[in-house]
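Commentary on secondary and tertiary structure
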Amino acid sequence: MEVNLISTFAEFKELKNIDRPTLMSVLEDIFRTQLARMYGDADNFDIIINIDKGDISIIRNRTVVETVEDPNKEISLEEVQKIDDSYELGEEYPEELPMSTFGRRGILNLRQNLSSRITDIEKGNLYKKYVDKVGDILVGEVYQAWKKEVLVMDEDGNELVLPKSEQIPSDFFRKGDTVKAVIVSVEMKNNSPIITLSRTSNLFLERLFEQEVPEIFDGLITIKKVVRMPGERAKVAVESYDERIDPVGACVGVKGSRIHGIVRELRGENIDIINWTSNTQLLVQRALSPAKISAIRIDEESKSIHIDLEASELALAIGRGGSNILLAEQLSGYKIDVYRLGDQSQEDEEDVLLDAFSDEIDDWIIEALKGIGCDTAKSVLALPVEEVMQRADLEEETVLDVQKILRAEFEN
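Below you will find a few notes about this structure. All residue numbers refer to positions counted from 1 along the written sequence of the respective chain. Per-residue local features of the predicted model are confined to residues with pLDDT of at least 70, and side-chain atom pairs are confined, for both listing and counting, to 80 or more; whole-chain, interface and lining totals are unaffected and use all residues. Working from all heavy atoms in the structure, the side-chain values ignore hydrogens and water.

1. Points about the overall build of the protein chain
Secondary structure assignment for the protein chain yields 16 helices and 15 strands. The globule rule used here is 2.2 Å times the number of residues to the 0.38 power, and the radius of gyration it is set against is calculated over C-alpha atoms. Here the C-alpha radius of gyration of the protein chain, 37 Å, is well above what a compact globule of 412 residues would show, namely 22 Å. Projecting the C-alpha coordinates of the protein chain onto the three principal axes gives extents of approximately 125 × 50 × 45 Å. Burial here depends on accessible area, computed with a 1.4 Å probe over protein chains only, as a share of the maximum for the residue type. Under 20% is buried, over 50% is exposed, and the range in between is partly exposed. Classification of the 412 residues of the protein chain by burial places 40% in the buried group. Only the protein chains shown count as cover for residues, and the accessible areas themselves come from Shrake-Rupley with a 1.4 Å probe. Carbon and sulfur atoms form 45% of the exposed surface of the protein chain, whose accessible area is close to 22900 Å². Strands are runs of DSSP state E lasting at least two residues, helices are runs of H or I lasting at least four, and both sets are numbered from the N terminus onward.

Below you can see the structure in the form of structure tokens.
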């Protein structure tokens, strides 16, 4: 039993990342607790621990008396003199207890309590380690990939969680893959630390820019705001405190060298880098680029912006699935209403709204086309089939059928 217990101490000393004073304090505490259970009080015991050798000595100190009233703290003179006749009344008699005193069950309790206490300390240390790292990038290895989450191991073998909701839609991980993410939260649940990672957080994109662009890391360029549709599109507004530095050019890098690495990490997410300005009108114009705005009016009271665009610019301003205009709204903090300018030419007067074809074209197809800025028949016919397929996410056969129906209207 003694060998078993000593081997347990040695195991924790070697394998657990716990400092010497803490380990000694834990060992003393669990032995004192066990002694208190056995004898009712453990104040008169000295517990001597040798961490390096993995052994322990327990000394019970009892006062020599004529008549014993408390066997735990007192010993009779007659009993002492049978062992050592040099002791007198009132003196303290130390006696070393063998490990067998605890019995097999006691030794087992000690081992279990030690394991439990060390585990609690490790959990506390893990929480302290990561609670100060919220917002930092972590690179780990996928240990398990489940439907709702991915379990990631750090370099010390600690478990972290990457939920499905925090993964880019096109992310796919297998055991052994390397994953990069940002630490977004550290919580204690049921006395266990839960460390959550994210690849969809705006903070993840910010940290990637800090890694790839030295000027951002050094503070010469500041990221003012980030808005994202993870895996689809993002807009990053940057500002430079040094007039000699072009913030957009620095973030893109020579021939896109810096931005390409970030785009690859984000599974092909399109990233628009914009020069930040406090001028709302100019910021919106930059955010809706490459579309050219004909007129813009800002209503501060309703926090909305009215924008007029030529028909040819509408699709560019709205973007695929409305991504461009949605991100521009998030970046500016204003609701953006886009209006198509009417051309007084005879050609446009003869144009027909898509809604007029609801008896021949399914409503969901019409909505998909309107989502890319094509709200009239001629605006759909003006685009190549491949472009309509890509932007509206429609099958080639569907686009060809729609254009055939629309073309027939003008032929008639």
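2. Brief notes about the packing of aromatic side chains
Any aromatic ring pair is given by two values, namely how distant the centres are and how the planes are angled relative to each other. When two rings of Phe, Tyr or Trp (its six-membered ring) have centres within 6.5 Å they constitute a pair, described as stacked for plane angles under 30 degrees, edge-to-face for angles over 60, and tilted for the intermediate range. Considering all chains together, one arrives at 3 aromatic pairs under this definition. Pairing Tyr 39 with Phe 45 gives two aromatic rings, centres 5.4 Å apart and planes at 35°, and the pair type is tilted. On the basis of an interplanar angle of 85° and a centroid distance of 5.2 Å, the ring pair of Tyr 87 and Tyr 93 is categorised as edge-to-face. Each member of the pair, Tyr 87 together with Tyr 93, is buried. Only when the NZ of Lys or the CZ of Arg is both within 6 Å of the ring centre and within 35 degrees of the ring normal is a charge said to sit over the ring. The positively charged end of Lys 133 is found above the aromatic ring belonging to Tyr 130, 5.6 Å away from the centroid. Above the plane of the ring of Tyr 143 lies Lys 175, whose end atom (NZ or CZ) is 5.0 Å from the centre.

3. Considerations on the sheet that holds strand E10 (residues 221-229)
Any two strands are treated as partners once DSSP identifies two or more bridges connecting them. Pairing in this open sheet of 3 strands is mixed, and the strands run E10-E11-E12 from one edge to the other. Here the strands that pair on one side only, and so sit at the sheet edges, are E10 and strand E12 (270-275). Direction aside, the axes of adjacent strands within the sheet are offset by 20° on average. One ladder, built from 6 bridges, connects strand E11 (residues 233-240) with E12; its direction is parallel. By the bridge assignment for E12, Lys 235 is matched with Asp 272. Helix H9 (residues 280-287) contacts E11 and E12 of the sheet and is inclined by roughly 150° relative to E12. For helices, the fitted axis covers only the stretch in contact; all axes are lines through C-alpha atoms, and the angles between them, taken along N-to-C directions, range from 0 to 180 degrees. Contacts between residues were defined by any pair of non-hydrogen atoms, one from each residue, lying within 4.5 Å.

4. A few points about the pattern of salt bridges
Opposite charge on two side chains permits pairing when their charged atoms draw close. When a carboxyl oxygen of Asp or Glu is within 4 Å of a side-chain nitrogen of Lys or Arg, the pair counts as a salt bridge. If you walk through the whole model with that rule in mind, you get 23 salt bridges. Between Lys 73 and Asp 41 there is a salt bridge; the shortest N-O distance is 2.8 Å. Here Lys 73, found in the loop between strand E2 (55-65) and strand E3 (74-76), pairs with Asp 41, found in the loop between helix H2 (20-39) and strand E1 (45-50); they are 32 residues apart in sequence, far enough to count as distant. Across the salt bridge formed by Asp 272 and Lys 235, the nearest N and O atoms sit 2.9 Å from each other. Taken together, the residues Asp 272 in strand E12 and Lys 235 in strand E11 connect sequence positions 37 residues apart. Beyond isolated ion pairs, a larger network of salt bridges with shared partners links Asp 171, Arg 199, Glu 265 and Arg 267.

5. Some remarks on the pairing of strand E9 (residues 192-198)
Among the 7 residues of E9, 5 are classified as buried, and the element is accordingly described as predominantly covered. In this structure, strand E8 (residues 178-189) lies alongside E9, joined through 7 bridges in antiparallel fashion. Looking at the pairing, Ile 183 lines up with Leu 197 of E9. Hairpin remark: E8 followed by E9, antiparallel, with 2 residues in the connecting loop; positive phi at Asn 190, about 55°.

In short, the description is geometric, and any link to function would need to be established separately.
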